[in-house]
Amino acid sequence: MKNILRTFVSIAALGTPFSLCAETSSRIVETPLELTFLTGNSNYEFDETWPVEQAAREMTGIHLVLFGANSDDAPKSKSLKNMLEDDTVPDIVGARNLKPFVNEYGPVGAFMGMNELIEKHAPNLNALLKERPEIRSAIQAANGEIYYIPYLPDGKFGRGYFIRQDWLDGLGLKAPENVAELKQVLIAFRDRDPNGNGEQDEIPFFARNWQEMLRLLTLWDGRSTGSDNRHDFYVENGVLKHPYSGENYKEGIRNLSEWYAEGLIDPEIFSRGSKARDQLLSENLGGVTHDWFPSTSLYNTSLKDKIPGFKFSALLPPESVSGRRVAEHRRAQVKPDGWAIGYKNEHPIETIKYFDFWFSEEGRRLSNFGVEGQQYEVVDGQAVFHDDVIHGSEAVNAQLWAVGAQIPVRGYYQDYQYELQWSNDIALEGVNLYDQGDYLLDEYLGVALNEIEQSIFDRYWPRIQSHMLSKQKAWITGKSDVEKDWLEYVETLEIYGFSKVMNMMNSAYKRQYEQG
């Protein structure tokens, strides 16, 4: 069963793979070339001793040297804006959420535009961007130039609904098919003591990130976001909208507030924090959640001895009030993370060839799986992790981070096969379940704003979003009433500049994707 699912998921759930060019050699320079590298605003401090980095040096001849490592007056990592203010720009900058920064400062000369470099010297990247023009549109600046090479995730499905199947079975219930049935199941979880301890202590719906509760808005045909980022804009019929402004949103919030007041949603959902999943499942209290397939399914293994009969199964998204069944969360196609070339770089051709290496077959394997012979072996042309990696004391991704693989401050293309190898049967069954229907919604890939557009966004949006989120929490927790507040809420958004922002964002969106 597991092998069948792996084969099915690897074909069906990844989408169309990119065609990578065949390189006869990954060597870029004969004499080793050092390029300075800075990771600004990142949790991933670059380590020159990473086995992955050492292997890349051997393959390419390019040696990344931590910027400032041999200098008393330049730090190892620093604020990106401070870097520009001090004019201490390294050869390469890598960071989380790098895209808006380089797309703002690249056009004024702080970073090198890479369009011509990619066309002439980066065959793998060039082939990718021609095969997937939406990727090019997503990463380019307002002037059409590319200033950063992104981290590209792989796969389709990330998070989904999970439900206590053993509780359903014990209560003689079936998996809910729609929003009405889901509410009845949550009521049963609240009232009928499914954990059997004689107390009414069950938490019907919980989430370790409170924003995942907002996925329930889709049950009333609302939205919580349109991308991998929280509270983001979304695309509908080619028009950019925001989820916290329409009638469906109001209806969804009204129902969420009722569910919260009735004890169907964790009363501590805004405060319990990231340990909620561990706590509520290990204490046999949690019923339904929305979370990542691989990590959530692992509780079936870790809790099987502690909680006899424990079974946490993927649940197909229930149908909404209008009969729609949607999965709002999908793996991002493009991340704003990656790396860029500083304007002082004296070796741009070698640098773009180095960036391109990570999109070659050798480079992609290295960035995803680690070092051959250490973390994996090649079997029938595929990288296969060693057993001690799959069954190690640490999570596979943590082991890979430790050796310099799966690092998002590097521009690279992820390979979903790395995750499939440590996903258990329940995770694979869940992904397969979600892949049987056309449930995924279109992804908003972001826009690059020009100077005038950015000034409009910076002037109005922070205040608008702050008001949206403060009212949202007040409505859900019952401190305020969405029905009574709605007209005033809409008027306030307008006073704060909501229409100005939406008109500007739609203009930028059309420019980027209709002409990109």
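Please refer to the structure higher up on the page.
Residues numbered from 1 in each chain as written. Predicted model: local features only at pLDDT ≥ 70, side-chain atom pairs only at ≥ 80, totals over all residues. Heavy atoms only, no water.

Q: Is there a simple way to think about helix α22 (residues 498–514) in this case?
A: Think of an α-helix as 3.6 residues a turn; residues three or four steps apart then line up on the same face. With 17 residues, α22 extends 23 Å between its outermost C-alpha atoms, agreeing within 8% with the 24 Å of an ideal straight helix rising 1.5 Å per residue. Along α22, the residues that are buried comprise Phe498, Val501, Met502, Met504, Met505, Asn506, Ala508, Tyr509 and Gln512. Check the buried side of α22 and you find it contacts α7 (133–139), β7 (234–236), β8 (239–241), α20 (451–476) and α21 (482–495). (Helix = DSSP H or I, 4+ residues; strand = E, 2+ residues; numbered from the N terminus. Expected span 1.5 Å × (residues − 1). Buried < 20%, exposed > 50% of the residue type's maximum accessible area, 1.4 Å probe, protein only. Contact = heavy atoms within 4.5 Å.)

Q: How should helix α2 (residues 51–60) be read in this particular structure?
A: Of all the positions in α2, only Val52, Glu53, Ala55, Ala56, Arg57 and Thr60 are classed as buried. Summarising the contacts, the buried residues of α2 are in contact with β2 (62–66), α14 (348–357), α15 (361–369) and α17 (396–403). Positive backbone phi, approximately 85°, marks Gly61, located one or two places after α2.

Q: Help me understand the packing of helix α10 (residues 247–261) against α20, please; the structure alone is not making it clear to me.
A: Working note: a packed helix pair is described by the angle between its axes plus the distance between those axes. One way to put it is that α10 packs onto α20 with a least axis distance of 8 Å and a crossing angle of 40°. With respect to α20, the element α10 is oriented oblique. In contact with Tyr249, Ile253, Leu256, Ser257 and Tyr260 of α10, α20 contributes Met468, Gln472, Trp475 and Ile476. The residue inventory of the contact of α10 with α20, partitioned by class, reads 7 nonpolar, 2 polar and no charged. (Axes fitted to C-alpha atoms, helices over the stretch in contact; angles between N-to-C directions. Parallel < 35°, antiparallel > 145°, perpendicular 65-115°, else oblique. Nonpolar A, V, L, I, M, F, W, Y, C, P; charged D, E, K, R; others polar.)

Q: Before we go on, may I ask you to explain the sheet that holds strand β6 (residues 203–205) in this structure?
A: Adjacent strands of a sheet pair through backbone hydrogen bonds, lying either parallel or antiparallel. With mixed pairing, the 4 strands of this open sheet are ordered in space as β6-β9-β5-β10. Strands with a single pairing partner mark the edges of an open sheet, and in this sheet they are β6 and β10 (312–315). Geometrically, the sheet is characterised by an average inter-axis angle of 35° between neighbouring strands, direction not taken into account. Running over the sheet, helix α9 (residues 179–191) touches β5 (159–164), β6 and β9 (286–292) and is turned about 170° from β6. (Pairing = 2+ DSSP bridges.)

Q: Where do I start with the environment of Met505 in this structure?
A: Take Met505: it is sitting in helix α22. Overall, the relative accessible area of 3% leaves Met505 in the buried class. Remark: the alpha-carbon pair of Met505 and Leu449, spanning 56 residues in sequence, is separated by 8.3 Å. Look past the residues within four positions of Met505 in its chain and what remains in contact with it is Phe233, Leu240, Tyr444, Val447, Leu449 and Phe457.

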